[in-house]
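Listed below, chain by chain, are the residues.
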Amino acid sequence: VQLQACGGGLMLAGGSLRLSCVASGRTFSSYGMGWFRQAPGKEREFVAAISWNGFATVYADSVEGRVTISRDNTKNTVYLQMNSLKPEDTAVYYCAVSRYSSGRTYLYDYGYWGQGTLVTVSS
């Protein structure tokens, strides 16, 4: 089982970025998926999550209105569209598969994790 996240990079504040995470080795279409991030010296924190069918989403307050999570189960892929980037968005972003059909905000509700992709936002 592998989760491959990509799309990170160096961005200017105010810019946009789309992260992708492709799951391989098995299908996760019955499970919620989420994005977390970890800034240097900080704990990993919740960003966004989506239910198995994409009908329900939940966001951290810090990104609400600027970020959209979506998924394409035909491609076993989850996306994170990030707009109006801020320097405080700088972190390694991780995708993960929930143990449940819903997307969860709690880190330990996730059983599979990708390797992370670095997003750096410069002012």
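In case you missed it, the structure is sitting above this.
The rules we used
- Residues numbered from 1 in each chain as written.
- Predicted model: local features only at pLDDT ≥ 70, side-chain atom pairs only at ≥ 80, totals over all residues.
- Heavy atoms only, no water.
- Phe/Tyr/Trp six-rings, centres within 6.5 Å; stacked < 30°, edge-to-face > 60°.
- Helix = DSSP H or I, 4+ residues; strand = E, 2+ residues; numbered from the N terminus.
- Buried < 20%, exposed > 50% of the residue type's maximum accessible area, 1.4 Å probe, protein only.
- Polar contact = N/O pair within 3.5 Å; in protein donor to acceptor, adjacent residues only side chain to side chain.
- Contact = heavy atoms within 4.5 Å.

Caption draft 1: Quick peek at the packing of aromatic side chains. According to the stated counting rule, one finds six aromatic pairs in the structure shown. Judged by centre distance (5.6 Å) and plane angle (75 degrees), the rings of Phe36 and Phe46 are edge-to-face. With a gap of ten residues between them, Phe36 in strand E4 (residues 33–38) and Phe46 in strand E5 (residues 45–50) connect regions that are remote in the sequence. By relative accessible area, Phe36 is classed as buried at 1%.

Caption draft 2: Quick peek at the side chain of Thr77. Within the secondary structure, Thr77 sits in strand E8 (residues 77–82). By relative accessible area, Thr77 is classed as buried at 6%. Polar side-chain contacts of Thr77 include one of 2.8 Å to the backbone oxygen of Lys75. Those residues in contact with Thr77 that sit more than four places away from it in its chain are Ser20, Cys21, Val22, Ser70, Arg71 and Asp72.

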